[in-house]
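Observations on the three-dimensional arrangement
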Amino acid sequence: MMNRLTRLLRHCWLDEDDARRALGPVALERIEQRVRASEAAHSGEIRVCVEAGLPLGYLWRNVDAHDRALSLFGKLRVWDTEHNNGVLIYLLLADHRIEIVADRGLTRHVDAARWKAIVDGMSAAFRERRFEDGLHAAIDAVDAVLREHFPVAPGGGNPNELPDTPVLR
């Protein structure tokens, strides 16, 4: 019971302003540029979402970061790409959790161990509160996976089906 109360307080204490402090406007612009540059080389779509704390309804149901990431994957329409190769990089500050959710077109090619290795690489930077560095590393790793499995054909391009701007909640 005490752990649940502690978690509730931790999440209610944090808000979108805390996410903005973790990643200032310049960092957010650099992340957006990195996503945009990445998507020029493959047909996939990358969304970055940083959430300070879970909404109260999710806390009440004791939802974990993975389930919240799955929910946001749908809400942010990451699943809604032509080749089913969207990827959500999700950071939940209150729980110090990172999740990567990939659409079915990509999960056919990439096993869970590879996604876990990407998350583990991000974790080290986040433990040191280097959120931007961790997100850059994650974008670069996801970019490498997408280039490997969904490269842009010579002379082709990516129609940019989703916004590149990071989502802060």
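Attention in this report is confined to the structure presented alongside it. Positions within a chain are numbered from 1, following the residues in the order the chain's sequence is written. A pLDDT threshold of at least 70 governs which residues receive local features in this predicted model, and a stricter bar of 80 or more applies before side-chain atom pairs are shown or counted, although totals over entire chains, interfaces and linings include all residues. As a rule here, side-chain values come from all non-hydrogen atoms in the structure, and water together with hydrogens is ignored.

**Concerning the pattern of salt bridges**
One side-chain nitrogen of Lys or Arg within 4 Å of one carboxyl oxygen of Asp or Glu is enough to make a salt bridge. Evaluation of the coordinates by the stated rule reveals 17 salt bridges. Of the charged contacts, one joins aspartate 143 and arginine 147 as a salt bridge, the two residues approaching to 2.7 Å between their closest N and O atoms. Pair noted here: aspartate 143 and arginine 147 are both in helix α8 (residues 131–149), with a separation of four residues, about one helical turn. Taking the relative accessible area as the measure of exposure, arginine 147 reaches 41% and is therefore partly exposed. Within the structure, one salt-bridge network assembled from shared partners comprises Arg7, Arg10 and Asp95. By definition, any uninterrupted DSSP run of H or I lasting at least four residues is a helix, any uninterrupted run of E lasting at least two residues is a strand, and each is numbered from the N terminus. For every residue, the accessible area (1.4 Å probe, protein chains only) is compared with the maximum for its type, and the residue is labelled buried under 20%, exposed over 50%, or partly exposed between those bounds.

**Here's the deal with the packing of aromatic side chains**
Aromatic contacts are taken between Phe, Tyr and Trp rings whose centres are within 6.5 Å, Trp giving its six-membered ring; a plane angle under 30 degrees counts as stacked, one over 60 as edge-to-face, and the others as tilted. Across all of its chains, the model carries one aromatic pair by this definition. Counting as a charge over the ring demands two things of the Lys NZ or Arg CZ atom: a distance within 6 Å of the ring centre and an angle within 35 degrees of the ring normal. For the cation-ring pair, arginine 61 lies above tyrosine 58, with the distance from its terminal atom to the ring centre recorded as 4.8 Å. The lysine or arginine in question, arginine 68, covers the ring of tyrosine 58, its NZ or CZ lying 4.3 Å from the ring centre.

**A word on the pairing of strand β2 (residues 86–92)**
Most of β2 sits out of view: seven of its seven residues are buried. Across seven bridges, the pairing between strand β1 (residues 45–51) and β2 is parallel. By the bridge assignment, valine 48 is partnered in β2 with isoleucine 89. The pairing criterion for strands is at least two bridges between them, as found by DSSP. The turn joining β2 and strand β3 (residues 97–102), which pair antiparallel and follow one another in sequence, is formed by four residues; a positive phi near 55° is taken by histidine 96.

**As for the packing of helix α7 (residues 112–127) against α8**
The axes used here are C-alpha line fits, helices contributing only the stretch in contact, and every angle between their N-to-C directions lies in the interval 0 to 180 degrees. At their nearest, the axes of α7 and α8 sit 7 Å apart, and the two run at 160° to each other. As judged from the angle between their axes, α7 and α8 are roughly antiparallel. With respect to the hand of their crossing, α7 and α8 are arranged in right-handed fashion. Mapping the contact onto sequence places Arg114, Trp115, Ile118, Met122, Ala125 and Phe126 in α7 and Phe131, Asp133, Gly134, Leu135, Ala138, Ala141, Val142, Val145, Glu148 and His149 in α8. Residues are sorted three ways: Asp, Glu, Lys and Arg are charged, Ala, Val, Leu, Ile, Met, Phe, Trp, Tyr, Cys and Pro are nonpolar, and all the rest, Gly among them, are polar. When the residues that make up the contact of α7 with α8 are grouped by side-chain class, the tally is eleven nonpolar, two polar and three charged. With respect to orientation, any angle under 35 degrees is reported as roughly parallel, any angle over 145 as roughly antiparallel, any angle of 65 to 115 as roughly perpendicular, and every other angle as oblique. Whether a crossing is left-handed or right-handed is set by the direction in which the near helix is turned from the far one by less than a right angle, anticlockwise for left-handed and clockwise for right-handed. Contacts were defined at the residue level, with two residues in contact if any of their heavy atoms lie within 4.5 Å.

The values reported here are purely geometric and, on their own, carry no functional implication.
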